[in-house]
Amino acid sequence: VLGDINENYVKEAVYISKEQALKEQSEAMGSDPKEFLGYNPFTASIEIKLNSEYANSDSIKWIEKAIKKNDNIRKISVVLLGLAALLTLVSFALINNTIRLTIYSKRFLIHTMKLVGASWGFIRKPFLVRNLWVGIISGVMADAVLMGCAYMLVNYEPELISVITTDVLLCMVVSVFLFGIAITYLCAYFSINRYLRMRASTLYYI
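Remember, it's a predicted structure, so these values are computed and weren't measured experimentally.

Caption draft 1: Inspection of the overall build of the protein at higher detail. Helices and strands together make up the secondary structure of the protein, namely seven helices and two strands. Helices and strands in the protein line up, N terminus first, as β-α-α-β-α-α-α-α-α. Buried residues in the protein amount to 23% of all 206 residues. Across the protein, the fraction of contacts at a sequence separation of at least 24, relative to all contacts at a separation of at least 6, is 70%. Accessible area for the protein stands at about 14,500 Å²; split by element, carbon and sulfur atoms hold 64% of it.

Caption draft 2: Summary view of the nonpolar core. Counting residues in each nonpolar core, the largest one holds 16 residues, and the members touching the most others are Ile103, Ile110, Ile123, Ile192 and Tyr195. Contributing elements (two or more residues each) for this core: helix 3 (57-104), helix 4 (107-115), helix 5 (120-156) and helix 6 (166-197). Here this core gets six residues from one element, more than from any other, and that element is helix 6. Among residues more than four places away in sequence, those in contact with isoleucine 103 are Ile110, Phe127, Ala188, Ser191, Ile192 and Tyr195.

Caption draft 3: The arrangement of helix 6 in detail. With 32 residues, helix 6 should reach 46 Å at 1.5 Å per residue; the first-to-last C-alpha distance of 47 Å fits that figure. Along helix 6, the positions that sit buried rather than exposed are Leu169, Gly180, Ile181, Ile183, Thr184, Cys187, Ala188, Ser191, Ile192, Asn193, Tyr195 and Leu196.

Caption draft 4: Layout of the packing of aromatic side chains. Enumeration according to the criterion identifies two aromatic pairs in this entry. Between the aromatic rings of tyrosine 189 and phenylalanine 190, the centroid separation amounts to 5.6 Å while the plane-to-plane angle is 85 degrees, which identifies the pairing as edge-to-face. One cation-aromatic arrangement involves arginine 107 over tyrosine 104; the distance from NZ or CZ to the ring centre is 3.9 Å.

Caption draft 5: The side chain of threonine 184, seen in detail. You can see threonine 184 is positioned in helix 6. Classification of threonine 184 by relative accessible area gives buried; the value is 3%. One polar contact links the side chain of threonine 184 to the main-chain carbonyl oxygen of isoleucine 181, over a distance of 3.0 Å. Other than its neighbours up to four places away in sequence, threonine 184 contacts Ile95, Ile99, Asn131, Val134 and Gly135.

Caption draft 6: Representation of helix 5 in the model. Here helix 5 spans 53 Å end to end across 37 residues, near enough to the 54 Å set by a 1.5 Å rise per residue. By the largest-angle criterion, proline 126 marks the main kink of helix 5, which is about 25 degrees. Every buried residue of helix 5 is accounted for by Ile123, Arg124, Phe127, Leu128, Asn131, Gly135, Gly139, Asp143 and Ala150.

Caption draft 7: Fine view of a nonpolar patch on the surface. On the surface, Leu83, Leu86, Leu87, Val90 and Leu94 cluster together into a nonpolar patch covering about 460 Å² of accessible area. For leucine 87, the location among the structural elements is in helix 3.

Caption draft 8: Inspection of the packing of helix 5 against helix 6 at higher detail. One way to put it is that helix 5 packs onto helix 6 with a least axis distance of 8 Å and a crossing angle of 155 degrees. What the angle tells us is that helix 5 and helix 6 run roughly antiparallel. Of the two elements, helix 5 crosses helix 6, and the hand of that crossing is right-handed. Of the residues in the contact of helix 5 with helix 6, the class split is 23 nonpolar, six polar and three charged.

Conventions used here
Residues numbered from 1 in each chain as written. Predicted model: local features only at pLDDT ≥ 70, side-chain atom pairs only at ≥ 80, totals over all residues. Heavy atoms only, no water. Helix = DSSP H or I, 4+ residues; strand = E, 2+ residues; numbered from the N terminus. Buried < 20%, exposed > 50% of the residue type's maximum accessible area, 1.4 Å probe, protein only. Contact = heavy atoms within 4.5 Å. Areas by Shrake-Rupley, 256 points an atom, 1.4 Å probe, with all protein chains shown as cover. Core = buried A, V, L, I, M, F, W, Y, C linked by side-chain atoms within 4.5 Å. Expected span 1.5 Å × (residues − 1). Phe/Tyr/Trp six-rings, centres within 6.5 Å; stacked < 30°, edge-to-face > 60°. Lys NZ or Arg CZ within 6 Å of the ring centre and 35° of its normal. Polar contact = N/O pair within 3.5 Å; in protein donor to acceptor, adjacent residues only side chain to side chain. Bend = angle between axes of the 7 residues up to and from the residue. Patch = residues over 30% accessible without salt bridge, like charges linked within 9 Å, V, L, I, M, F, W, Y side chains within 5 Å. Salt bridge = Lys/Arg side-chain N within 4 Å of Asp/Glu carboxyl O. Axes fitted to C-alpha atoms, helices over the stretch in contact; angles between N-to-C directions. Parallel < 35°, antiparallel > 145°, perpendicular 65-115°, else oblique. Left-handed = near helix turned anticlockwise from the far one by under 90°. Nonpolar A, V, L, I, M, F, W, Y, C, P; charged D, E, K, R; others polar.

Below, the structure written as structure tokens:
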């Protein structure tokens, strides 16, 4: 039994697994559908029992609409989460390649600085500081775009406010900002170290 159901019209909600649904239907039909289909055709579900004052056709109609709307919101949330994960991977690849190309173009300058006795830390510093600022600016711009998209989504479908809450937005903004800084800084750090370890002869063949 699902104990935490916040809607006033719900008296009791019971979770029914695929296996339980198959068992109940097999008993009712007198045969097992799985035997001739080769698979369990039933899906997991939640059986909702209404309070007596809502047990009428009018109430059932609007309750059905409310449940369907909540289900659509969940589906939209899953799609948005998948899209966010995909965009994160694409962003990482693009940022990493851009930083590597930028540092690649400076590989001979890095080697020259090594020849005159500059320490690795001294050589790294301007690259890291530059990319740190790039990460900060990128994070702010990305947060602005995401906030704008969130605002448009809520205006388009007000029910999404139950998903796109203030806490979620705050967590998203902070995460994107920190991610922007971390990824640019770390990509720059590892790319610079790669060229710091290379010998002069190797620089001509990469």
